[in-house]
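Here is how the chains run, residue by residue.
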Amino acid sequence: MANEIRVNTSVQIIQDVGDSAGDQAGITYSNKQLDGNADARTWGGKYTMNAVYTDADVAYWGNVVVAKDNASGADGIDNSDWTEASGTTSGTLPDTAHVVAVEYVSALGSPGTVTLNVSGENFAVLDEGQAVVIPMEMGQTLSSITIKCTDYTNGTNEATVNVMVAGV
């Protein structure tokens, strides 16, 4: 049996319908619902990617600080120059990424958002506590995948993330 990359994704389109119960005992209530223009439901599902990875094609960085801000040069995840870490926490980086996951786990000071960019396109801009999984069926070079935060300052403004990459 071969190794598999299984992906689960979903999206909800939420409409703020504008009705409000006002302030009740200090709590403000609002009314939001799934948008009818998107069939008023959750979209998405799960699938198994075609890429078959080996044990030497998956790695992660755990609880590392993003050491690049949006104004600095781009360092891809083909090495650890984008982070304060000296290397991956575990595993071996693949030559080609077929999936990347980023979790923005905590912030010190005010580092702002964390941006995941693939081949010059911002795929996700995360606030603290948010996460994203980006499948790339055709694969991308690791040097074309960058992770930055809005305002990195060593020891003052730091975004801490978990990042996983798998591929071939």
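Before going into details, it helps to say that this report is about the structure given with it. If you're wondering where the values come from, they're calculated on a predicted model, not measured in any experiment. Starting afresh in each chain, residues are numbered from 1 along the sequence in its written order. With the structure being a predicted model, the display of local features is reserved for residues of pLDDT at least 70 and the display and counting of side-chain atom pairs for 80 or more, all residues being used for whole-chain, interface and lining totals. Note: side-chain values were computed over all heavy atoms of the structure, leaving out hydrogens and water.

Details of the sheet that holds strand E9 (residues 121–126)
And step 1. Criterion used throughout: strands pair if DSSP finds at least two bridges between them. In this text, helices come from DSSP runs of H or I with a minimum length of four residues, and strands from runs of E with a minimum of two, each type numbered from the N-terminal end. Here we have 3 strands laid out as an open sheet, ordered E9-E8-E11, and antiparallel in their pairing. Of all strands in the sheet, those bounded by a partner on one side alone are E9 and strand E11 (145–149). Averaged over all neighbouring strand pairs, the angle between strand axes comes to 20°, with direction disregarded.
And step 2. Of the strand pairs in this sheet, strand E8 (residues 114–118) and E9 are connected by 5 bridges, and their pairing is antiparallel. What sits directly across from asparagine 117, in E9, is asparagine 122. Angles shown run from 0 to 180 degrees and are taken between the N-to-C directions of axes, each axis being a line fitted to C-alpha atoms and, for helices, limited to the stretch in contact.

A word on the side chain of serine 144
And step 1. For serine 144, the location among the structural elements is in the loop between strand E10 (131–141) and E11.
And step 2. Contacts: residue pairs with any heavy atoms within 4.5 Å of one another. Contacts of serine 144, omitting those with residues within four sequence positions, involve Asn117, Val118 and Ser119.

Considering a nonpolar patch on the surface
And step 1. Taken together, Val11, Ile13 and Trp43 make up a surface patch of nonpolar side chains, about 260 Å² in accessible area.
And step 2. Its place among the elements puts tryptophan 43 in strand E4 (residues 43–48). Grouping into patches uses exposed residues only, defined as over 30% relative accessible area, and leaves out salt-bridged ones; the cut-off is 9 Å for like charges and 5 Å for nonpolar side chains (Val, Leu, Ile, Met, Phe, Trp, Tyr). Note on areas: these come from Shrake-Rupley sampling with a 1.4 Å probe, and a residue is covered only by the protein chains present in the view. The term salt bridge refers to a side-chain nitrogen of Lys or Arg lying within 4 Å of a carboxyl oxygen of Asp or Glu.

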